[in-house]
Each structure stands twice: as structure tokens, then as C-alpha cells.
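Here is what each chain is made of, one letter per residue.
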Amino acid sequence: MKRLFALLLFLISLGITQEVFASQLPEAEVAIVKQAFPDLKVRFDGLIELSDGTKYIPVYPLKTEFPETSVKLTSTFPKNKSIKDKPDFFMFNTNFAFFKVKKEKDKTTIIYNSAIPTEVKMGLLPQDLLVPRGFQIPSELRIIIGDLIIPITPSKEYKEIVISTGKEFKNSPRATLVEQAAQQLSNKYFYATSFNKNTISILNADTGKAFKQIEFTSIPSDIKLANKGQYLLVSTLRNGNIFVIDTAKTEVLKEIKAGEKPYFIAISNTDNLAYIANRGENSISVIDLISMQPKDSIKVAGNPCYIELSSDGKKLYYLDAITGIVYYLKKEDDYFAPYTSQPLFKSNNIAKIQLVGDKIYTLNRGNNELEIFYINGKPQNENLIDISDITNINLEESVNGEKSAVNYSENESETPFQEDKEKNKLSFKQKINKIVRNLLYYKDEPEIEEQPLNPENQIQVMAIKSQPEEVSAEATKKVKTAKEKLHDFLNYKAEVEPMPQTEQIKLNVEKQMDFIKAKSRANDFLVVNGKIYLLCSDDYIVYVYDETTNKQINSFELEKIGYYNALKTSSDKKIGIITNISSMALTIFDTKTDTIVQKLPLLVNVHNVVITSKK
């Protein structure tokens, strides 16, 4: 009965032409359309009908722009058309837009094209719209439906497949099921990508059963949870888009344009931003996770493929896929300035990077070793020279009865430049301090006792040894000359030509890097809860190292089947997940005890996986 009444109301409304109903649409935009079609009819629900039967549905913007001059047409599809051409889509500089209702076989719909502005994709149809019979919306525009009940046309970029296997899985008897780990997986979903398929499979984490797949036109390169697990961001190399999946509804909400070949995704929870490494160009795309719209594009050196962010979101590290150089960017005034990338170190065939505290971990497949780059220098070595460590003169103290420019004693127990008795040699920093200390002394004449010289207070020191009026002009001149020489020495680095990048990178390797050599071919690593896990697939072993000392503290064996390729962890870091791209199973281990607690059989091969809660 309700459908009959709605249809009757729809037919009656086609004859309504009174201008009063146009108040639902903005007057300026409607006036421009009327210039092209003076006899148009505006229905009470906002639908516009031309005299030849052509219909346009309005889309109200999420955010209305208020132009400084006047309202005007800014975008059409096809491009560069006028309203008189009756384009499939047109938009004004207020973000207000219209879609033409088109007939396609047994349905009516509106056009979708990736060039349609994001502001329109985030808008809404009139919520009292009387939907024409057989009307459907392209899935890429599903967000504009709001509370309306309108069928969705499957996307050309992806399609959703409901899987009915008729088979329930049980946990493998070969693995011990720990109750705590079972609770970790209870009432959760796995979103998993395959190594060689254009799909994301959604699996029940309790049983491993896949109940749905989303198929894309390109293999997903990365998946990341955002907004506290509410959404899953998916990058695909071929079409340059980031897909947003609603994890509660297990369906794609929208697409967001990134750069060429978007590869890796990094999430900043502090400022609700996502950073996308565009492997096909020199840029990093920035997406606002609140509005789900593109926010910025950072032009960088090299072609970024992996990205890591500091916990405060103010430092960004990325790997250049072409050169193997890891670069660093720092946010200033809430903004990553373009082309300010600084090289940190260079490696060979890096497969992954991970930032933990002040250390960057990289898996060097060329040398089969885990590299550890200390951003602030190795903590066990004093690598930086700090002139401020040289103590200024204290006029209340003396050495051997004389005033001194530095607090220094020949007594080893008192000197701040004491030798390391175990190694019987001065550290690098101590040697430099000693050189600078010696420059603070000079000999006037052979028969005159060595005098302390400090550019800021030497005259005062000499004045203490004699009367102020007896300080000679010759002594003042020597002080000035010595001061200039010392200044030249302390500022020598600023005067020489900058060190070439390659040389600086080599120096960093010596001063700021440690290495863990893999016992066999290493496929992946994971740093979590103070431990380093190194997956060596040839041995079917995961080696465990202490994050502080880099020393091996444990290891555990994997079932000798298939090819283990990746280490993942849950968001709370309590469980680890090992994927196997050929055995159709996930291995679950406890990160506290380093014990395998479950072997979860699947119906799909898994390359990348995240865990979300069922809603």
C-alpha cells in the first residue's frame, strides 16, 4: 500500500510547476540553470525536469562554499560542457551539484567518474527524494544516499562476493590452544589480502571461515585500520585510489584519489591523518581521516615505498624505492614542507622498515641482516663533540697555585678527561676535548711559565697575576690573535665544503648503525613489547632478540609446511600472527611467552592481515 501511495504521489508531483517549491534548492544555482532552460520544472523534493523529460537530481554539499564574487559553473562531465549541453554531471563553485538521471537497460541511475570532485562524493541527496522506479546508485557514490533506501550498482573497481562454503573449521590438533589467545580472537574478523589475487577476504577469527570477499581491479598493496578500527584503508597500485571499507558493514564506502601507484599507508592517530607512499612518483599523499578527503600532497626526494611516523606525528621516515636511501622529514608549523627530505642512510634491497622509539629497523635482504639505525647515535658510544663540555674558568679555583682556563688536574682521579683504564685509551670525544683544551694554552717565551688562555677572560687572568695598569699592549695583542685562531678552529666545519651525501651516509653507518645477521634467509621481522622477532623461513624458525641489547634470547619452531612470509601483530600487541602464502593457515603466537598457541586453517592464502572487532 505504501509503495502504491508513493508511486501515486510521484506521478502527481510530475505536474507540479509552482515556483514556491523551488525554495528547497539554492536560488542562485537554479537561476543559472533556468537561463539555459527557462521552462524547467522544480519538484518539491528538489528533482529538476526539463521539457524533454530529462531529469536532474541535486546533491547537497557536506560543506557549502561562499564565493567572493558570484555563483558560477566550475565542473562538468563530460568536461568543458555548458548546461545547455545537458551534461551527465555539473557542479557550481558553491559545491552544489546535479546528476542527470540516465536510463540503462532495465534500471535508471546516475553516472560515476573518478574525476567527480570529492566534495560531491561526500554530499547528500534530498532526504525526501521520491526515488524513480528501478533507480540505483553506483557503489562509489553510496555515501550520498544518506538514510534513503536505494539499491547499489556494483563498482567497476571492485565487487563484493558472499562466500558460502558449507564447511566449518576446527582448530588444528597439532597446535596447543591457549585459552587467553582464544579470547583474543573471539568475536573478531580477519581482513586478509592474498599474494597474487585482487581480493580482500573477510574471515571469522574464531573459525577461519571466509564469509565474504571484496574483489578489486588490482592487487591490494597495503591495508591499515583507521579511526580506532572503524575503517580499513586499502591501497591498490593500478588505479591510484585508496578504498575505505566500513569494518562494521564489511563493505566499501568510497574511494579517495592518491598519487601514482600508492603503495604503503601510515596512520597518524594524533592528528587523524593518513600518509600514502606513492611509489610511482615523488610524492606522499595526505588524507584527512575525519572528512575522508585528500588534504595535501608532499613533494619529496625519491620514490617513497615504505613510510613510518613518530608517535607524535611530527617526524616522517620513508624509503626511496629507487636508491634504497631512507629519508627523514620534520613537521614545522603543522606542515611537512616539500623537498626538505634529509638522507639518513642507504641500504641494499630493503624489504621493510619499522620505527620504534629512536631506532629505525630495516630488513636488508641483499646482506640478509636486520639493520638498526640509531637516530640519535649509538647509546653505548659518545659520537658527538660538544664544546660546552669544556669548563670555563673559575676564578675561585687554581691549579698548582695558578689560575686556569679549564678545571684540569694531572691527578687521574680528579680529571674530567680520565682515561678508560679497561681499554687504556681515550674515547673519541675525550681526544677532541683534549685537543681543544691544549689550544687554550700558549707559551709566550721559553723561559716564561705556561699561561692559561681563554678568549673571554685571559686579560682578567693576567690582571690577577699583576696589577691591571701593568697589562701590556703586547699581551692584549697576543690574546686577540689567539682568540681569532681558536674561533677559526671551533668554526672550521662551517667553513669547509659540505660533505657529499654518499660520504655522509657511509659515516652514519659507522656511527649510528648496528646489525643482526640472520641465521638463514630472513623474510620478515617485527619489533614489539621490547623484543625483535626475525622470521627465517628456510629454517622454519622465528628467532627472538632483546630490543635493548640486540642479543638472542629465544626462538620457536614453526610447522615445516608451506612458505612463511610475514609477521603481524594485533592492535594491543598481545598476539603475533605469522602468515603462510602456500599452506592456507595462520600461526598465532603469544608475544609474552613466545609460544605458538593456535594454528588456524583457512580457505585462502594470506599475505597481509589485520584484526578487527565485530560490531
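Because the structure is predicted, anything quoted here is derived from the model rather than measured. Counting restarts for each chain, with residues numbered from 1 along the sequence as it is written. Restriction of local features to residues with pLDDT of at least 70 applies here, the model being predicted, together with a cutoff of 80 or more for giving and counting side-chain atom pairs; totals for whole chains, interfaces and linings are based on all residues. Each side-chain value is worked out from all heavy atoms of the structure, with water and hydrogens disregarded.

## Some thoughts on the overall build of the chain
Working step 1: Counting from the N terminus, the helices are DSSP H or I runs at least four residues long and the strands are E runs at least two residues long. Scanning the chain from N- to C-terminus turns up nine helices and 41 strands.
Working step 2: For each residue, the accessible area found with a 1.4 Å probe, counting protein chains only, is set against the maximum for its type, and the residue is called buried under 20%, exposed over 50%, and partly exposed in between. When the 615 residues of the chain are sorted by exposure, 49% land in the buried category.
Working step 3: Whether two residues touch is decided by their heavy atoms; if any such pair falls within 4.5 Å, the residues are in contact. Considering only residue pairs separated by 6 or more positions, the chain has 47% of its internal contacts joining residues 24 or more positions apart.
Working step 4: Carbon and sulfur atoms provide 50% of the accessible area of the chain, an area that totals close to 31,900 Å². Computed by Shrake-Rupley with a 1.4 Å probe, the accessible areas treat only the displayed protein chains as cover when residues are assessed.

## Comments concerning the nonpolar core
Working step 1: To qualify as a nonpolar core, a set must consist of buried Ala, Val, Leu, Ile, Met, Phe, Trp, Tyr and Cys residues joined through side-chain atoms within 4.5 Å. Of all hydrophobic cores here, the largest spans 32 residues; its most connected members are Y275, I284, I298, I307, L316, Y318 and I360.
Working step 2: Of all the secondary-structure elements, those providing two or more residues to this core are β19 (262-268), β20 (273-278), β21 (283-288), β23 (304-309), β24 (315-320), β25 (325-330), β26 (342-346) and β27 (350-356).
Working step 3: Those residues in contact with I307 that lie beyond four places of it in its chain are F264, A266, Y275, I276, A277, I284, L316, Y317, Y318 and I353.
Working step 4: Grouped together as the second largest cluster of nonpolar side chains are 22 residues, V59, F99, Y112 and I145 included.

## A word on the packing of aromatic side chains
Working step 1: Here a Phe, Tyr or Trp ring, Trp counted by its six-membered ring, pairs with any other such ring whose centre lies within 6.5 Å, and the pair is stacked when the planes are under 30 degrees apart, edge-to-face when over 60, and tilted otherwise. Applying the stated criterion across every chain yields a total of 18 aromatic pairs.
Working step 2: By way of ring pairs, the aromatic residues Y56, Y60, F90, F92, F96 and F98 are connected into one cluster.
Working step 3: Working rule: Lys NZ or Arg CZ, within 6 Å of ring centre, within 35 degrees of ring normal, means a charge sits over the ring. Above the face of the F525 ring, K352 is positioned so that its terminal group lies 4.9 Å from the ring centre.

## Description of the environment of Y275
Working step 1: Note that Y275 resides in strand β20.
Working step 2: Of the residues examined, Y275 reaches a relative accessible area of 1% and is grouped as buried.
Working step 3: Considering only alpha carbons, one finds Y275 and I307, 32 residues apart in sequence, at a separation of 7.8 Å.
Working step 4: For the purposes of these results, a polar contact is taken to be a pair of N or O atoms within 3.5 Å, where, inside protein, one atom must be able to donate a hydrogen and its partner to accept one; residues adjacent in sequence count only when each atom of the pair is a side-chain atom. A distance of 3.4 Å separates polar atoms of two side chains, one belonging to Y275 and the other to K331.

## Some thoughts on unusual backbone geometry
Working step 1: The omega angle of the peptide bond from F77 to P78 is -5 degrees, so this bond is cis rather than trans.
Working step 2: Within the secondary structure, P78 is located in the loop between β4 (73-77) and β5 (89-92).
Working step 3: Even without being glycine, N368 reaches a positive phi, approximately 55 degrees.
Working step 4: Within the secondary structure, N368 sits in the loop between β28 (359-364) and β29 (369-374).

## What about the sheet that holds strand β17 (residues 241-246)?
Working step 1: Between any two strands, pairing holds if DSSP finds at least two bridges. On the basis of which strands lie adjacent, the open sheet formed by four strands has the order β15-β16-β17-β18 and antiparallel pairing. The open sheet has two edge strands, β15 (220-226) and β18 (251-257), and neither has a second partner. When strand polarity is set aside, the average angle formed by the axes of neighbouring strands in this sheet is 25 degrees.
Working step 2: Two elements, strand β16 (residues 231-236) and β17, share five bridges in a ladder whose sense is antiparallel. Among the inter-strand pairings, L233 is bridged to a residue of β17, identified as V244. Lines fitted to C-alpha atoms define the axes here, with helix axes fitted over just the stretch in contact, and angles between the N-to-C directions of these axes take values from 0 to 180 degrees.

## Some details on the pairing of strand β14 (residues 210-216)
Working step 1: Counting buried residues in β14 gives five out of seven residues, a clear majority hidden from the surface.
Working step 2: Judged from the five bridges that link them, strand β13 (residues 199-204) and β14 form a sheet pairing that is antiparallel. When the bridges of β14 are listed, T199 appears paired with E215.
Working step 3: Hairpin geometry of β13 and β14 is characterised by an intervening segment of five residues between the two adjacent antiparallel strands and by a positive phi of about 80 degrees at G208.

## Brief notes about helix α2 (residues 27-36)
Working step 1: Buried residues of α2: E29, V30, V33 and A36, and no others. Projected onto a plane normal to the axis of α2, the buried residues spread over an arc of 105 degrees and lie on a single side. The exposed residues of α2 that point more than 90 degrees off its buried face are E27 and Q35. Taking the helix axis as origin, the arc is that swept by the directions to the C-beta atoms.

## Looking at the sheet that holds strand β32 (residues 513-517)
Working step 1: Within the open sheet, the four strands sit side by side as β27-β28-β29-β32. Their pairing is antiparallel. Where the open sheet ends on each side, the last strands, each with one partner, are β27 and β32. In this sheet, neighbouring strand axes are inclined to one another by 20 degrees on average, regardless of whether the strands run parallel or antiparallel.
Working step 2: Examined bridge by bridge, β29 and β32 share five bridges and lie antiparallel to one another. Counted as the bridge partner of L370 is I516 from β32.

## Considering the pairing of strand β35 (residues 541-546)
Working step 1: Burial within β35 is extensive, with five of its six residues counted as buried.
Working step 2: Bridge count for strand β34 (residues 531-536) against β35 is six bridges, and the pairing is antiparallel. Its bridge partner being in β35, C536 is matched across the sheet by I541.
Working step 3: Two successive antiparallel strands, β34 and β35, enclose a turn made up of four residues, where Y540 displays a positive phi of approximately 55 degrees.
Working step 4: Summarising the sheet, β35 and strand β36 (residues 552-557) pair through five bridges and their orientation is antiparallel. Each bridged residue has a counterpart across the sheet, and for Y545 the counterpart in β36 is Q552.
Working step 5: Hairpin connection of β35 to β36: five residues between the antiparallel strands, including N550 at a positive phi of 65 degrees.

## Structural notes on the pattern of salt bridges
Working step 1: A side-chain nitrogen of Lys or Arg and a carboxyl oxygen of Asp or Glu constitute a salt bridge if their distance falls within 4 Å. Enumeration according to the criterion identifies 14 salt bridges in this entry.
Working step 2: Linking K331 and D271 is a salt bridge whose minimum nitrogen-to-oxygen distance equals 3.0 Å. In this pair, K331 is assigned in the loop between β25 and β26 and D271 in the loop between β19 and β20, connecting sequence segments 60 residues apart.
Working step 3: Here K531 and D594 are joined by a salt bridge, their closest N and O atoms 3.2 Å apart. Of this pair, K531 sits in strand β34 while D594 sits in the loop between β39 (585-590) and β40 (595-601); the two residues are 63 residues apart in sequence, bridging distant segments of the chain. In terms of burial, K531 and D594 fall into one category: buried.
Working step 4: One salt-bridge network, in which partners are shared between bridges, spans D88, K100 and K102.

## Examining the side chain of T193
Working step 1: Locating T193 in the fold gives a position in strand β12 (residues 188-193).
Working step 2: With sequence-adjacent residues up to four places away left out, T193 is seen in contact with T199, I200, P220, I223, N605, V606, H607 and N608.

## Structural notes on the side chain of E371
Working step 1: With respect to the secondary-structure elements, E371 resides in strand β29.
Working step 2: K517 provides the closest opposite charge to the buried, salt-bridge-free E371, at an N-O distance of 9.5 Å.
Working step 3: A distance of 2.7 Å separates the side chain of E371 from the side chain of S347, its partner in a polar contact.
Working step 4: A polar side-chain atom of E371 sits 2.7 Å from a polar atom in the side chain of N364.
Working step 5: When sequence neighbours within four positions are dropped, the list of residues in contact with E371 reads F345, S347, I350, I360, Y361, T362, N364, M513, D514 and F515. A positive count includes Lys and Arg, and a negative count includes Asp and Glu. His and the chain ends are not counted in either.

## Quick notes on the environment of N196
Working step 1: Relative to the elements of secondary structure, N196 occurs in the loop between β12 and β13.
Working step 2: A relative accessible area of 56% places N196 in the exposed class.
Working step 3: Separated by 22 residues in the primary sequence, N196 and S218 place their C-alpha atoms 9.8 Å from one another.

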